[in-house]
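This is what each chain is made of:
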Amino acid sequence: HEDYEWLNHSIAPTKLETQDFRVTVGEGEKSYKASILNISGTSFGALSPPAIEALNTGARMGGFAHNTGEGGIAPAHQIGRGDLIWQVSTGYFGCRNENGSFDPELFKDKAADDQVKMIEIKLSQGAKPGHGGILPGPKVTEEIAKIRGVEVGKDCISPSSHSEFSTPSGLLTFADRLRSLAGGKPVGIKLCLGHPWELAAIVKSMVEKQQFLDFITIDGSEGG
């Protein structure tokens, strides 16, 4: 029955007080009222500048957020002026040193942009399982290389894991660090859930450390 939608009758129907279905993510002045429908992560480079600009412009017009994907924040995002969820992956593209390690000052500078509303730490993705993010060398133009902080013309391959942490506790510490560097903006994670106990370990660590993620994005095995 997947092709059908229906409404059930009730003798006590619910009366909605508002048509605003936005969800507040995070706390304080930098919290974000997120739409329940947004644009999921697709990197600049995987999509062309006009495509990214069109998506982001649509996000601004529609009042929802646009996830950058792991390819960093491009001028095409900024032209659109739509709300951004900046995705930070294992490659730390857009906030990395020459050796591929995380650059806190570069991150802080870019996260300060008012267009960036939330930060998403990418742990894994549903697309290309076992491989992760891959951008072949011929597609790594000067513009893409500058945005990502990589070499022109060389395959841009995301490492299989983060170099800044290796445990649930380390993940939460890193998330807290990003939140601080971003001036209190919400920070969450994205993962394709292969082992339920891994998510349970993160939740257990949050309770033990009293350090909490602001949101969790579950990626589908169908590739987003």
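These numbers were taken from a predicted model, which means no experiment stands behind them.

Participant: In this structure, what is going on with unusual backbone geometry? I would like to understand it.
Facilitator: For residues besides glycine, phi is generally negative; the peptide bonds are generally trans as well. The backbone of Arg81 shows a phi angle near 60°, a positive value even though the residue is not glycine. Relative to the assigned elements, Arg81 resides in the loop between α2 (75-80) and β4 (83-88). Of the residues examined, Arg81 reaches a relative accessible area of 44% and is grouped as partly exposed. Positive phi, close to 50°, is recorded for Tyr92, a residue that is not glycine. Turning to its location among the elements, Tyr92 is positioned in the loop between β4 and α3 (104-111). On the accessibility criterion, Tyr92 (0% relative accessible area) is buried.

Participant: I keep staring at the pattern of salt bridges and nothing clicks. Help me out?
Facilitator: It is possible for side chains bearing opposite charge to pair when their charged atoms get close. Tallying each qualifying case throughout the model produces seven salt bridges. Between Asp114 and Lys117 there is a salt bridge, with its nearest N and O atoms 3.6 Å apart. Judged by relative accessible area, which is 54%, Asp114 ranks as exposed. With a shortest N-O distance of 3.4 Å, Glu151 and Lys154 are connected by a salt bridge. For Lys154, a relative accessible area of 48% puts it in the partly exposed group. The structure contains a network of salt bridges with shared partners spanning Asp176, Arg179 and Asp214.

Participant: What am I meant to see in the environment of Val140 here?
Facilitator: Structurally, Val140 is set in the loop between β6 (134-135) and α4 (142-148). The spacing of Val140 and Val152 is twelve residues in sequence and 5.6 Å in space, taken between C-alpha atoms. Not counting residues up to four positions away in its chain, the partners in contact with Val140 are Leu135, Ala145, Val150, Glu151, Val152, Gly153, Lys154 and Cys156.

Parameters at a glance
Residues numbered from 1 in each chain as written. Predicted model: local features only at pLDDT ≥ 70, side-chain atom pairs only at ≥ 80, totals over all residues. Heavy atoms only, no water. Helix = DSSP H or I, 4+ residues; strand = E, 2+ residues; numbered from the N terminus. Buried < 20%, exposed > 50% of the residue type's maximum accessible area, 1.4 Å probe, protein only. Salt bridge = Lys/Arg side-chain N within 4 Å of Asp/Glu carboxyl O. Contact = heavy atoms within 4.5 Å.

Nothing here speaks to function; it is all geometry.
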